[in-house]
Each structure stands twice: as structure tokens, then as C-alpha cells.
Amino acid sequence: MGRKFHILDVFTGEAYNGNQLAVVEDADDLTSEEMMKITKEFGYSETVFLQKSEIPTAAAKLRIFTLAGEIPFAGHPTVGVAVFLGEAKARENDCAQDVLLVLDEQLGPVRCAISIGAGKASYAEFDAPSLPEVLEGVPEADLVADALSVSLMDIGFENHKMMMVQTGPKMLFVPMKNIQVVREVSPDFSYWDQAFGKFEPMGIYVYCRDGVLATSGFHARMFAPSLGFDEDAATGSAAASFAAVVQNFEIDGQPSFETTIEQGYEMGRPSQIKLEIEFSNRAIKKVRVGGKAVLVASGELM
């Protein structure tokens, strides 16, 4: 008998939208090299391997691989696995209720809450295992404009400026003046190293206010050639880091903030990511990221 795998579409309630994720079960005996080969075989931005955890309260240990190698934490694998295991637990208990799980990831234990969908997509949210940290320095705006094939005047809106943030991986956030500019961004990777090399961000996250959907607060795209893919359809870890953008440019003393970030539309994989932030005296106290996920296929690796 082969090793079971499952494919989910994450940060969407509809199959064939959102960000694709492969989940491989019973992966304790796989080497890192074998996991990398399997990841490349699937060809998705991320594949997650489930192992037994040494943490007694954890539902599973997650090893997460991109097409370029292993990473310590990622948002869409966390949401996808939480929905997958949460639905399995609900079936096991023959009930449709909220499920709480802990996932053991390299960055640390991640608490997840899953709302089991009765006849519809289930929803999972997780508490970010670390809070975002704003780093000093950003690339020169003219170089960023060249790398993204936009005008220098297209960068920035209202009080929003470029910001480098770290929540595990480093991310450069680049505000754009409107959705038309975001949709027209075309990365020129020949400028990539000159623009971003010394800062070593994992990804370049461009965003603007509003979006395609009236319910969206922001529209975003994320480019990460260092991870083995040009563009990502939905990036939960970037949404967690986006809390620092909200803290610096959006809030005015309120204790909490909630928004939906849409992503993936330019790829034909529309995604919606919910972001919730709690503040204490303007400092970030807690970050929570959530979204729906749907199972689209299951099979066996031979």
C-alpha cells in the first residue's frame, strides 16, 4: 500500500481557487531529500509532511517544503492542515462542531481553531507563533520600481510607505497607489538582485487599499523567486507580517483591527485571507490569520 496524500485549495471556499497544498501523511520515515523530491513532483508552492510530534498536545508535527527547500513556518499549510485534521477529528467524533488543535512547526507550536462547515467549506484560523518585527532600512524606491516594472510615482498611497518586516521570514511590503497598478506589476528579475539582494527578503509583497470584492480591505500580490516560484496565490505568513503595516499606517488608538486581504486574482486563483490584530497601547499583542480550505483530491504515492 502506498503513502496517502491529499490536495487542498486553501484560503478559498471553492475548489480550484486559492492556493494549492499537498499534504503527505505518515512521513516519519522520509528523509529530507525524499521530501524535497516529492515536493518537486507535486510542483506546488508548498507541500507539507505530517509526522508524529513529541509535544503531547500536538495533533501532528509539520515539515513544510517549498520548491527551494524547507521553511520553519507558513500560513497556507497551517490553515490547510488544520482544516484537514479538524475535519478528520470531527468525523471521528461523529459531530460537526468547532475543533481546537495544536500544530508542531519548527517556529514553535501553533494554536488553531477550526469551524467545521456543515455541507460547506470549513474555516481555520491560527495565532501567529511570533509577532512581526519592523526592520530598519528599505531598498531604494527607484530600484524597486524598476524591479516591478512600475513608475516611481506608483509606489505609496496616503501615509503608506515601504517597510521591511520579519515574522520568521523577512518580507518587503510595497504599497501601490491603486489596484490597477498592482494588477499591472510585472517583475523584472534581471533587476531583482540589484534592488533587493543586500536586504534578503523572502518575498516582495505589493498591496493597495480596497480590492475586487467589496468585502476586501486590501488587494495584494506576493513574489518569491527565492522559494522556487515567481508568484504566490495566497500567503498567510505575509498576512501575519502585514499586522505591522496596519500598526504603523492604519490604527489610531483602537484596541483591535480586522480586515480581509485578497490575493491570487492575477493568477486566476482568487483567495481571501482574514487578518485580526489585537493591540495594547498601540503595541501588537496578538495576530490571528484565517481562511477556508477545501479538499479536492486524495491518493497514494507509490
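Shown above is the structure to which this text applies.
Throughout what follows, the structure given in this document is the object of discussion. (Residues numbered from 1 in each chain as written. Predicted model: local features only at pLDDT ≥ 70, side-chain atom pairs only at ≥ 80, totals over all residues. Heavy atoms only, no water.)

1. Some thoughts on the overall build of the protein chain
Along the protein chain, the regular secondary structure elements total six helices and 17 strands. Its C-alpha radius of gyration of 19 Å places the protein chain within 12% of the 19 Å reference for a compact globule of 302 residues. Dimensions of the protein chain along its principal axes, counting C-alpha atoms only, are 55 × 40 × 30 Å. For the protein chain, with 302 residues in total, the buried portion stands at 55%. When contacts within the protein chain are restricted to residue pairs at least 6 apart in sequence, those whose partners lie at least 24 apart make up 63%. About 13300 Å² of surface is accessible on the protein chain, with carbon and sulfur atoms providing 47% of the total. (Helix = DSSP H or I, 4+ residues; strand = E, 2+ residues; numbered from the N terminus. Rg over C-alpha atoms; globule rule 2.2 N^0.38 Å. Buried < 20%, exposed > 50% of the residue type's maximum accessible area, 1.4 Å probe, protein only. Contact = heavy atoms within 4.5 Å. Areas by Shrake-Rupley, 256 points an atom, 1.4 Å probe, with all protein chains shown as cover.)

2. Notes on the nonpolar core
Core analysis: the biggest nonpolar cluster contains 65 residues, and Leu 50, Tyr 205, Tyr 207, Phe 242, Ile 277, Val 287 and Val 289 have the highest contact counts within it. Looking at this core, the element that brings in the most residues is helix α6 (residues 236–249), giving nine residues. Those residues in contact with Tyr 205 that sit more than four places away from it in its chain are Met 171, Leu 172, Phe 173, Val 174, Ala 220, Arg 221, Met 222, Ala 238, Phe 242, Ile 261 and Gln 263. Grouped together as the second largest cluster of nonpolar side chains are 23 residues, Leu 148, Val 174, Val 182 and Val 185 included. (Core = buried A, V, L, I, M, F, W, Y, C linked by side-chain atoms within 4.5 Å.)

3. Considerations on the side chain of Glu 276
By secondary structure assignment, the location of Glu 276 is in strand β16 (residues 271–280). Of the residues examined, Glu 276 reaches a relative accessible area of 18% and is grouped as buried.

4. Side note on the pattern of salt bridges
Close approach of charged atoms lets side chains of opposite charge pair. Scanning the model with the defined rule gives 17 salt bridges in all. Arg 209 is paired through a salt bridge with Glu 158; the nearest N and O atoms lie 2.5 Å apart. Separated by 51 residues along the polypeptide, Arg 209 in strand β12 (residues 203–209) and Glu 158 in the loop between α3 (141–148) and β10 (163–166) bring together distant segments of the chain. Glu 276 serves as the salt-bridge partner of Lys 274, at 3.6 Å between the closest nitrogen and oxygen. Linked through salt bridges whose partners overlap, the residues forming this network are Arg 111, Glu 125, Asp 127, Glu 258, Lys 274, Glu 276, Glu 278 and Arg 288. (Salt bridge = Lys/Arg side-chain N within 4 Å of Asp/Glu carboxyl O.)

5. Some thoughts on the pairing of strand β1 (residues 3–10)
With respect to burial, β1 is a largely interior element, six of its eight residues being buried. Where β1 lies against strand β17 (residues 283–301), eight bridges are found, and the strand directions are antiparallel. Bridging across to β17, Leu 8 finds its partner in Leu 295. (Pairing = 2+ DSSP bridges.)

6. Re helix α2 (residues 75–92)
Relative to the 26 Å expected for 18 residues at 1.5 Å per residue, α2 spans 26 Å between its end C-alpha atoms, a close match to the ideal helical length. Taking burial as the measure, the 18 residues of α2 include 13 buried ones, the bulk of the element. (Expected span 1.5 Å × (residues − 1).)

7. Brief notes about the layout of surface pockets
When its volume is computed, the largest pocket comes out at roughly 210 Å³. Around the largest pocket, the lining residues are Glu 25, Asp 26, Asp 28, Leu 50, Gln 51, Lys 52, Ser 53, Ala 58, Ala 59, Ala 60, Phe 84 and Leu 85. At the level of secondary structure, the elements contributing two or more residues to the lining of the largest pocket comprise β3 (46–51) and α2. Of the residues belonging to the lining of the largest pocket, the class tally is six nonpolar, two polar and four charged. Taken together, Phe 11, Thr 12, Gly 13, Tyr 123, Thr 260, Gln 272, Ile 273, Lys 274, Gly 290, Gly 291 and Lys 292 make up the full set of residues lining the second largest pocket. The residue makeup of the lining of the second largest pocket, split by class, is three nonpolar, six polar and two charged. (1 Å grid on protein atoms, 1.4 Å probe; cavity = no way out; pocket = protein on both sides within 12 Å on 5 of 7 lines; lining within 4 Å. Points joined across faces, edges and corners; volume = space filled by probe spheres on them. Nonpolar A, V, L, I, M, F, W, Y, C, P; charged D, E, K, R; others polar.)

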